[in-house]
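Read off the chains here:
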Amino acid sequence: RSLVVVHFWAPWAPQCAQMNEVMAALAKEHTQVTFVKLEAEAVPEVSEKYGISSVPTFLFFKNSQKVDRLDGAHAPELTKKVQRYVSSSPVSAGSNDSAKEDLNVRLKKLINAAPCMLFMKGSPKEPRCGFSKQMVEILNKHGISFSSFDIFSDEEVRQGLKTYSNWPTYPQLYVAGELIGGLDIIKELEASGELDTVCPKAQKLEDRLKILINKAPVMIFMKGSKQMAKCGFSKQIIEIINSTGVDYETFDILEDEEVRQGLKTYSNWPTYPQLYVKGELVGGLDIVKELRESGELLPILKGEN
């Protein structure tokens, strides 16, 4: 049985009789648990071995190992402990299969959480073994975009993934939900030049900025959004563009430090907000104000100029 509860009791103690009634009720509710009564004074060697100095005392065993004890007539605490140990252990082959199936579903989700997933000891910033450290260094050197999972954070995943993928060691690298292998395999792929074709590349910042700038015909990079500007300059430019009736999209630079700093260099324009039309920088708030005054703003926004 998965859980055995042993009650050390004495016939002369009324509190033991009460707790026997509690045990009988628990036995009906938890048929998978074995409840045993031992008269403490009738088995002195056993009582001495387990340090039974008063009755009632309850010992909890799982897989023949003592895992807990309860001294005294505390019915609510006894009930709570039994429920806790029952819920933490598979109670039959059927439920064990169900738990295994649930774990496999979870592992599949984790493996597919990103196009490239690395299961490792520690994190990319702080690897906690030499093999994981080497794996991260190789992936970073090749500019490969990957997410990671720290197997030290979840023992169930750590053990389950070995069986699921039939791969006994870590780190493990997955691409598009398929196991590529461990460090030795990755080293071989690197040496043959295949690594760059197998793993997805990290998008370069310049490429990302180009995509963002061209996301809409009129794009404003600002602090906040068109619904809620987070600085006076951004608020003013939104009001001006709104007055033209032209459709536009915004990007909140406060949400992405990489874009915030990178766009300054990319466009050689040190401040925000920044207005782009059809992928070309128009300028900041002062330029937009000048264009409005000269009547050129609307034709520019419409791509006519």
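Calculation rules
Residues numbered from 1 in each chain as written. Predicted model: local features only at pLDDT ≥ 70, side-chain atom pairs only at ≥ 80, totals over all residues. Heavy atoms only, no water. Salt bridge = Lys/Arg side-chain N within 4 Å of Asp/Glu carboxyl O. Helix = DSSP H or I, 4+ residues; strand = E, 2+ residues; numbered from the N terminus. Buried < 20%, exposed > 50% of the residue type's maximum accessible area, 1.4 Å probe, protein only. Expected span 1.5 Å × (residues − 1). Arc of directions from axis to C-beta. Contact = heavy atoms within 4.5 Å. Core = buried A, V, L, I, M, F, W, Y, C linked by side-chain atoms within 4.5 Å.

Trainee: Sorry, what's going on with the pattern of salt bridges here?
Mentor: Pairing is possible between side chains that carry opposite charge, provided their charged atoms lie close to one another. In total, this model carries 15 salt bridges according to the counting rule given. The partner of Asp 256 in a salt bridge is Arg 208, with the nearest N and O atoms 2.5 Å apart. In this pair, Asp 256 is assigned in the loop between β10 (249-252) and α11 (257-267) and Arg 208 in helix α9 (residues 205-213), connecting sequence segments 48 residues apart. Residue Asp 256 is classed as buried on the basis of its relative accessible area of 15%. In this structure, the salt-bridge partner of Lys 235 is Glu 239, at a minimum N-O distance of 3.1 Å. Linking Lys 235 with Glu 239, this pair stays in helix α10 (residues 232-244), spanning four residues, or about one helical turn.

Trainee: Would you explain helix α3 (residues 75-87) in this entry?
Mentor: Along an α-helix, residues three or four apart share an orientation, since each turn contains 3.6 residues. The terminal C-alpha atoms of α3, which comprises 13 residues, lie 18 Å apart, in line with the 18 Å expected from a rise of 1.5 Å per residue. Among the residues of α3, those classed as buried are Leu 78, Lys 81, Val 82, Tyr 85 and Val 86. Looking straight down α3, one finds that the buried residues subtend no more than 130° of arc, so they occupy a single side. Pointing more than 90 degrees away from the buried face of α3 are the exposed residues Pro 76 and Ser 87. If you follow the buried residues of α3, they end up packed against β1 (3-9), α1 (14-29), β2 (33-39), β3 (57-62) and β4 (65-71).

Trainee: Quick question: what am I supposed to make of the nonpolar core here?
Mentor: Core analysis: the largest hydrophobic core is formed by 18 residues, its most contacted members being Ile 220, Ile 237, Ile 241, Leu 275 and Leu 301. Listed by contribution, the elements that provide at least two residues to this core are β9 (218-222), α10, β11 (274-277), α12 (285-294) and α13 (297-301). Per-element accounting of this core gives the leading share, four residues, to α10. Discounting chain neighbours no more than four positions away, the residues touching Ile 237 are Ile 220, Pro 273, Leu 275, Gly 284, Leu 285 and Val 288. Leu 118, Ile 144, Val 175 and Leu 189 belong to the second-largest nonpolar core, a separate cluster that totals 16 residues.

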